[in-house]
Amino acid sequence: MFCGKIPPSGQNDIENPATTPPKQQTSFGITRRAMLPVSGIAVLMLGSHQTAPAFASQSLEEIRQPPNPVASEFMDRAFEMREIAVERGDQAYGAIVVRNNQIVGQSWSRVVIDRDPTSHAEMSAIRDAARRLDDRDLTGTVMYSSSRPCPMCEAAAFWAGIGQLVYGRNLNSAGSPKLCC
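Reading the values: rules and limits
- Residues numbered from 1 in each chain as written.
- Predicted model: local features only at pLDDT ≥ 70, side-chain atom pairs only at ≥ 80, totals over all residues.
- Heavy atoms only, no water.
- Phe/Tyr/Trp six-rings, centres within 6.5 Å; stacked < 30°, edge-to-face > 60°.
- Buried < 20%, exposed > 50% of the residue type's maximum accessible area, 1.4 Å probe, protein only.
- Lys NZ or Arg CZ within 6 Å of the ring centre and 35° of its normal.
- Helix = DSSP H or I, 4+ residues; strand = E, 2+ residues; numbered from the N terminus.
- Contact = heavy atoms within 4.5 Å.
- Expected span 1.5 Å × (residues − 1).
- Pairing = 2+ DSSP bridges.
- Axes fitted to C-alpha atoms, helices over the stretch in contact; angles between N-to-C directions.
- Core = buried A, V, L, I, M, F, W, Y, C linked by side-chain atoms within 4.5 Å.

What to know about the packing of aromatic side chains
Piece 1. Within the structure shown, the criterion is met by two aromatic pairs.
Piece 2. Ring geometry for phenylalanine 158 against tryptophan 159: centres 5.0 Å apart, planes inclined by 90 degrees, an arrangement best described as edge-to-face.
Piece 3. Classification of tryptophan 159 by relative accessible area gives partly exposed; the value is 42%.
Piece 4. Cation over ring: arginine 169 sits above phenylalanine 79, and NZ or CZ is 3.9 Å from the ring centre.

Concerning the environment of arginine 148
Piece 1. Here arginine 148 shows up in the loop between β3 (141–145) and α5 (151–160).
Piece 2. On the basis of relative accessibility, which here comes to 43%, the residue arginine 148 falls in the partly exposed class.
Piece 3. With 17 residues separating them in the primary sequence, arginine 148 and leucine 165 have C-alpha atoms 8.3 Å apart.
Piece 4. Ignoring anything within four residues of it in the chain, the contact list for arginine 148 reads Glu154, Tyr167 and Ala174.

Some remarks on helix α4 (residues 121–133)
Piece 1. Spanning 13 residues, α4 covers 18 Å between terminal C-alpha atoms, matching the ideal 18 Å at 1.5 Å per step.
Piece 2. Among the 13 residues in α4, ten count as buried, and that is most of the element.
Piece 3. All of the buried residues along α4 are Ala121, Glu122, Met123, Ser124, Ala125, Ile126, Arg127, Asp128, Ala129 and Ala130.
Piece 4. Phi turns positive, to about 55 degrees, at aspartate 134, one or two residues after α4.

Considerations on the sheet that holds strand β5 (residues 172–175)
Piece 1. Read from one edge to the other, the open sheet built from five strands follows the order β2-β1-β3-β4-β5, with strand pairing classed as mixed. Looking at the sheet topology across the chains shown, the edges are occupied by β2 (102–108) and β5. Neighbour-to-neighbour, the strand axes of this sheet turn through a mean angle of 20 degrees, independent of strand direction.
Piece 2. Pairing of β3 with strand β4 (residues 164–167), which is carried by four bridges, proceeds in the parallel orientation. Counted as the bridge partner of serine 145 is tyrosine 167 from β4.
Piece 3. This element, helix α3 (residues 71–87), spans β1 (94–99), β2, β3 and β4 of the sheet and lies at about 145 degrees to β1.

Remarks on the nonpolar core
Piece 1. By size, the foremost hydrophobic cluster in this structure holds 19 residues, and its most contacted members are Val97, Ile126, Leu138, Met143, Ile162 and Leu165.
Piece 2. Looking at this core, the elements that each hand over two or more residues are β1, α4, α5 and β4.
Piece 3. When near neighbours in sequence (up to four residues on either side) are disregarded, leucine 138 contacts Arg99, Ile126, Ala129, Ala130, Leu133, Ala160, Gly161 and Ile162.
Piece 4. Within the second largest apolar cluster, 13 residues are counted, among which are Ile63, Phe74, Ile96 and Val166.

Treat this as a map of the structure, not an account of what it does.
Here it is in structure tokens:
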């Protein structure tokens, strides 16, 4: 597993307990990995400090709905969001949130353009849906994303109440969101 450190040449990637540093823990004795779901909740509830003021002052543009509201059309829209991300110089990810066959939130990856490591396409789509519905409870929704959501995004989908995750052109189901760890 790659953890950001490249072992010196000649060493294998099997961890040696004698030389492996202890896992970083918070002051409460919890590993940083265990804090991931909590951080997803905080980001979802608080939003990004850089993007929230901009969104608050903008009127929300109406979302163009597909003529035939089926899963493949929704995934096409997620991939349209992905293309917007690439055109704007960001990472190639896109996501939408659907309720009752209507797109209620959509976004592309905004990590690079917003300089915000939490502005993944899925997180931004959840924020967009919550703003548009004026409710943080997204129960009864399905998220379509261009790739499988990372643990942070899946945790945010869990806390938002999203019922189903679908990803990729083949409409792979990731089931209902779960908390990692």
